[in-house]
Amino acid sequence: AGANLTYVDVYAVKLDLIANHSRYGFKEPLAACCGYGGPPLNFDSRVDCGVTKTVDGSTVTANPCDDTSEYVNWDGIHYTEAANRFVSQQVLSGNFSDPPPTVSFVAAADKSKLF
């Protein structure tokens, strides 16, 4: 038996999410939910999420936001659970895959773990 290969354009999914974030229910496309530094990115690579450090002589903490579902970006590097759910839904829809996944593939997916 041979291998099957499916091309998935995850870049296009993520670009669409960031460009059209409000259409999909997100308020913050780029700012880190859990970070330090304030607008516009709330990100400082010296202070990881949940960590307290001294930066430029001040003690600072990278705290999480109140509502993670409003953010695409979790910590300046990773997506939030809500953003990852959106990406997985788009991938499974087949709109960004060549060839699109078969109905049997999507039906066999354990949706309780994906959504």
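The rules we used
- Residues numbered from 1 in each chain as written.
- Predicted model: local features only at pLDDT ≥ 70, side-chain atom pairs only at ≥ 80, totals over all residues.
- Heavy atoms only, no water.
- Pairing = 2+ DSSP bridges.
- Helix = DSSP H or I, 4+ residues; strand = E, 2+ residues; numbered from the N terminus.
- Axes fitted to C-alpha atoms, helices over the stretch in contact; angles between N-to-C directions.
- Parallel < 35°, antiparallel > 145°, perpendicular 65-115°, else oblique.
- Left-handed = near helix turned anticlockwise from the far one by under 90°.
- Contact = heavy atoms within 4.5 Å.
- Nonpolar A, V, L, I, M, F, W, Y, C, P; charged D, E, K, R; others polar.
- Disulfide = S-S within 2.5 Å.
- Buried < 20%, exposed > 50% of the residue type's maximum accessible area, 1.4 Å probe, protein only.

S.K.: Is there a simple way to think about the pairing of strand β3 (residues 52–55) in this case?
M.R.: When a strand is regular, its side chains alternate between the sheet's two faces. In terms of strand pairing, β3 meets strand β4 (residues 58–61) through four bridges, oriented antiparallel. Pairing of valine 55 across the sheet is with serine 58, part of β4. Hairpin geometry of β3 and β4 is characterised by an intervening segment of two residues between the two adjacent antiparallel strands and by a positive phi of about 50° at aspartate 56.

S.K.: Just to check I follow, could you spell out the packing of helix α1 (residues 10–19) against helix α2 (residues 81–93) for this structure?
M.R.: Angle between the axes and distance between the axes: these two values describe a pair of packed helices. One can describe the packing of α1 onto α2 by two numbers: an axis separation of 10 Å at closest approach and a directional angle of 130°. The angle between the axes of α1 and α2 places the two elements in the oblique class. Handedness of the crossing formed by α1 with α2: right-handed. For the pair formed by α1 and α2, the contact residues are Val10, Val13, Lys14, Asp16 and Leu17 on the first element and Ala83, Phe86, Val87, Gln90 and Val91 on the second. Grouping the constituent residues of the contact of α1 with α2 by class yields seven nonpolar, one polar and two charged.

S.K.: I tried to follow the state of the cysteines on my own but got confused; where do I start?
M.R.: Linking two cysteines covalently via their sulfur atoms produces the bond known as a disulfide. Counted by the stated rule, this structure contains two disulfides. Note on cysteine connectivity: cysteine 33 is disulfide-linked to cysteine 65, with sulfurs 1.9 Å apart. Looking down the S-S bond of the cysteine 33 and cysteine 65 bridge, the torsion is -80°, so its handedness is left-handed. Placement of cysteine 33 in the loop between β2 (28–32) and β3 and of cysteine 65 in the loop between β4 and β5 (71–73) is noted, with a sequence separation of 32 residues between them. On the accessibility criterion, cysteine 33 (2% relative accessible area) is buried. Judged by relative accessible area, which is 17%, cysteine 65 ranks as buried. With a sulfur-sulfur separation of 1.9 Å, cysteine 34 is cross-linked through a disulfide to cysteine 49. Taking the torsion about the sulfur-sulfur bond, which here is approximately 90°, the covalent link between cysteine 34 and cysteine 49 counts as right-handed. Taken together, the positions of cysteine 34 in the loop between β2 and β3 and cysteine 49 in the loop between β2 and β3 put the pair 15 residues apart, joining distant regions of the chain. Given a relative accessible area of 30%, cysteine 49 falls into the partly exposed group. Within the chain, bonded cysteines paired by disulfides and numbered along the sequence follow the pattern 1-4, 2-3.

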